Amino acid sequence: NAGVTQTPKFQVLKTGQSMTLQCAQDMNHNSMYWYRQDPGMGLRLIYYSASEGTTDKGEVPNGYNVSRLNKREFSLRLESAAPSQTSVYFCASSEARTGVREQYFGPGTRLTVT
Amino acid sequence: AQKITQTQPGMFVQEKEAVTLDCTYDTSDPSYGLFWYKQPSSGEMIFLIYQGSYDQQNATEGRYSLNFQKARKSANLVISASQLGDSAMYFCAMREGGTGGFKTIFGAGTRLFVKA
């Protein structure tokens, strides 16, 4: 049981390049999320997927696209990277039922855009 | 709109003493959940404690308790008997909605330093 996995762990991009961050969970969770964490700051929600087949914008969606490929996988794409997108990106998942439903986080992807 | 505020950028506490980390929130949804997470220097996010808006009692999990004051819209985390391993960033988070709610937002965090 690996929990939430993210690839890659580190990435350096040049301005204008594109890339896709991958996330997968093996806990059979319905809901998945993408956050970014800038140095010394909290997490800001980029996009989330309440269930397979649905995605919704979070607080800072501009410059990103997402795909909920199946129940396990939720990818984040940067079409044209900008230095302002330098950040640590966290993927998370949670169950969609009543109760606590805390989020389980992946280890993060550290992205630098030069 | 949802809003989470943590006004203490940094806090110091002596080992074995208790410390309170502040969190206030704003929402118009009567159904919401409040969370606290810990982020050590290694970077992972660790879930600590949860409080539902309809819960009558304050949540407790071991040395962690949540001082929930609904009328004041505050959800402070209390750590009792601090340990050196408690040194970390602490984030308050809120999720609106009942079974249909998924969007969760985080505060800016409080960095806790535990002194020996």
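In case you missed it, the structure is sitting above this.
Read on for an overview of the structure.

The rules behind these values
- Residues numbered from 1 in each chain as written.
- Chains lettered and ligands numbered in written order.
- Predicted model: local features only at pLDDT ≥ 70, side-chain atom pairs only at ≥ 80, totals over all residues.
- Heavy atoms only, no water.
- Helix = DSSP H or I, 4+ residues; strand = E, 2+ residues; numbered from the N terminus.
- Rg over C-alpha atoms; globule rule 2.2 N^0.38 Å.
- Buried < 20%, exposed > 50% of the residue type's maximum accessible area, 1.4 Å probe, protein only.
- Contact = heavy atoms within 4.5 Å.
- Areas by Shrake-Rupley, 256 points an atom, 1.4 Å probe, with all protein chains shown as cover.
- Lys, Arg positive; Asp, Glu negative; His and termini not counted.
- Charge placed at Lys NZ, Arg CZ, Asp CG, Glu CD.
- Buried area = accessible area lost by both parts, 1.4 Å probe.
- Salt bridge = Lys/Arg side-chain N within 4 Å of Asp/Glu carboxyl O.
- Polar contact = N/O pair within 3.5 Å; in protein donor to acceptor, adjacent residues only side chain to side chain.
- Pairing = 2+ DSSP bridges.
- Core = buried A, V, L, I, M, F, W, Y, C linked by side-chain atoms within 4.5 Å.
- Disulfide = S-S within 2.5 Å.

This brings us to the overall build of chain B. Scanning chain B from terminus to terminus reveals zero helices and 12 strands. Seen in sequence order, chain B has helices and strands lined up from the N terminus as β-β-β-β-β-β-β-β-β-β-β-β. At 14 Å, chain B has a C-alpha radius of gyration in line with the 13 Å of a compact globule built from 116 residues. Considered along the principal axes of its C-alpha atoms, chain B spans approximately 45 × 25 × 20 Å. The buried share of chain B, taken over its 116 residues, is 51%. For chain B, the proportion of contacts with a sequence separation of at least 24, taken over those separated by at least 6, is 55%. Taken as a whole, chain B presents about 5,400 Å² of accessible surface, with 49% of it coming from carbon and sulfur. Side chains of chain B give 11 positive and 10 negative charges; the mean places of these two sets differ by 3 Å.

Before going further, it helps to examine the environment of D22 of chain B. Residues and elements named next belong to chain B. Looking at the element boundaries, D22 is found in the loop between β3 (19-21) and β4 (24-26). The exposure class assigned to D22 is partly exposed, which follows from its relative accessible area of 28%. Along the backbone, D22 and S74 are 52 residues apart, and their C-alpha atoms lie at a distance of 7.6 Å.

It is worth spelling out the interface of chain A and chain B at this point. How big an interface is tends to be stated in terms of the accessible area lost upon association of its parts. Each partner contributes to the interface: chain A provides 21 residues, whereas chain B provides 19 residues. Interface area for chain A against chain B, summed over the two sides, is near 1,700 Å², with a carbon-plus-sulfur share of 62%. The interface formed by chain A and chain B includes zero salt bridges. Our count for the contact surface shared by chain A and chain B stands at four residue pairs in polar contact (both at pLDDT 80 or more). Of all the secondary structure elements, the ones that give two or more residues to the side of chain A that touches chain B are β4 (31-37) and β5 (43-49) of chain A. A total of four residues in the side of chain A that touches chain B trace back to one element, the largest contributor, which is β4 of chain A.

Successive residues of a regular strand alternate their side chains across the two faces of the sheet. Of the two faces of strand β7 (residues 64-68) of chain A, the one holding Y64, V66 and R68 of chain A is buried and the one holding N65 and S67 of chain A is not buried anywhere. Taken together, β7 of chain A and the strand that follows it, strand β8 (residues 74-78) of chain A, pair antiparallel across an intervening segment of five residues.

What follows concerns the nonpolar core. Residue and element names in this part refer to chain B. With 26 residues, the main nonpolar core has W36, L77, Y90 and L112 as its most contacted residues. Elements with a contribution of two residues or more to this core: β2 (10-14), β3, β5 (32-39), β6 (46-52), β8 (64-69), β9 (74-79), β10 (88-96) and β12 (110-115). If sequence neighbours within four positions are ignored, Y90 has contacts with Q6, L21, W36, Y37, K38, L48, L77, I79, G109, T110 and L112.

This part takes up the state of the cysteines. Scanning all chains against the criterion turns up two disulfides over all chains. Here C23 of chain A is linked by a disulfide to C91 of chain A, with a sulfur-sulfur distance of 1.8 Å. Disulfide C23 of chain A-C91 of chain A: the torsion about the S-S bond is -75°, which places it as left-handed. You can see C23 of chain A sitting in strand β3 (residues 19-25) and its partner C91 of chain A sitting in strand β9 (residues 87-94), a full 68 residues away along the chain. Taken individually, C23 of chain A and C91 of chain A each receive the classification buried, so the pair is uniform in this respect. Sulfur-sulfur distance for the disulfide between C23 of chain B and C92 of chain B comes to 2.0 Å.

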